Amino acid sequence: MRVKRHLIEFDADALNTFLKTPVVIEEGENLPAYSRFANLRPVPQELAAHLCIPGRRFELNADGLPLKILRKNMNTLAQTWSVLSFSNLAPTSHTSDITLDRAKLIYGLVMMMDMNLGSLIPC
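In this report, we go over the structure that sits alongside the text. Just so you know, these numbers come straight off a predicted model, no measurement behind them.

## Overview of the nonpolar core
Core analysis: the largest hydrophobic core is formed by 21 residues, its most contacted members being Leu47, Leu51, Ile69, Ile98 and Ala103. Sorting the residues of this core by element identifies helix 2 (33-38), helix 3 (44-51), helix 4 (76-89) and helix 5 (100-110) as the ones contributing at least two each. Per-element accounting of this core gives the leading share, six residues, to helix 5.

## Let's talk about helix 4
With 14 residues, helix 4 extends 19 Å from end C-alpha to end C-alpha; this agrees with the ideal 20 Å at 1.5 Å per step. By the burial criterion, the buried members of helix 4 are Ala78, Ser82, Ser85, Phe86 and Leu89. Within helix 4, the buried residues cover an arc of 130° as seen down the axis, which keeps them to one side. Those residues of helix 4 that are exposed and aimed more than 90 degrees away from the buried face are Thr76 and Val83. Turning to helix 4, the residues buried within the fold contact helix 3, strand 5 (97-99), helix 5 and helix 6 (117-120). Two or three places before Leu77, at the opening of helix 4, Asn75 has a side-chain oxygen 3.3 Å from that residue's backbone nitrogen.

## A few points about the sheet that holds strand 4 (residues 66-70)
Spatially, 3-4-5 is the arrangement adopted by the three strands of the open sheet, whose pairing is antiparallel. Edge positions in the sheet fall to strand 3 (59-60) and strand 5, since each has one partner strand and no second. In this sheet, strand 5 lies alongside strand 4 in antiparallel orientation, the contact comprising three bridges. Paired with Leu70 across the strands is Asp97, a residue of strand 5. Contacting strand 4 and strand 5, helix 5 runs over the sheet at an angle of about 95° to strand 5.

## Some details on the packing of aromatic side chains
Counted according to the given criterion, the structure contains two aromatic pairs. Where Tyr34 meets Phe37, the ring centres are 6.3 Å apart and the plane angle is 50°; that geometry is what we call tilted. Taken together, the residues span about one helical turn, with Tyr34 and Phe37 both in helix 2 at a distance of three residues. What makes Tyr34 buried here is its relative accessible area of 9%. In this structure Phe37 comes out as buried when scored by relative accessible area, which is 15%. Of the aromatic side chains, those joined through ring pairs into one cluster are Tyr34, Phe37 and Tyr107.

Criteria and cut-off values
Residues numbered from 1 in each chain as written. Predicted model: local features only at pLDDT ≥ 70, side-chain atom pairs only at ≥ 80, totals over all residues. Heavy atoms only, no water. Core = buried A, V, L, I, M, F, W, Y, C linked by side-chain atoms within 4.5 Å. Buried < 20%, exposed > 50% of the residue type's maximum accessible area, 1.4 Å probe, protein only. Helix = DSSP H or I, 4+ residues; strand = E, 2+ residues; numbered from the N terminus. Expected span 1.5 Å × (residues − 1). Arc of directions from axis to C-beta. Contact = heavy atoms within 4.5 Å. Polar contact = N/O pair within 3.5 Å; in protein donor to acceptor, adjacent residues only side chain to side chain. Pairing = 2+ DSSP bridges. Axes fitted to C-alpha atoms, helices over the stretch in contact; angles between N-to-C directions. Phe/Tyr/Trp six-rings, centres within 6.5 Å; stacked < 30°, edge-to-face > 60°.

This is how it looks when you write it as structure tokens:
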């Protein structure tokens, strides 16, 4: 990136340093907790239990698989984190619901999982 004709190089490590969000990797692991979680197939009911208001869940696709959570069905904490994710972490103009992948990200934030935040922010 150039700022006033000066080349400013930054990457995930530089962003983590700037944001004061060190990457924490547990002993015996090679990835932060969120990265390990993100590589798994989540249990939709588990995500919905932490992200939705009681009695609400994922909307399902035609095959009965979890598709999205409508914003109106999210609890306040999940809505707050979703706004941050829409504008900073994974920018999008589609904000009326969250996909399964974004639900995993918000779940990681709500559950305070250690993550490499710098790698999530698009450079």
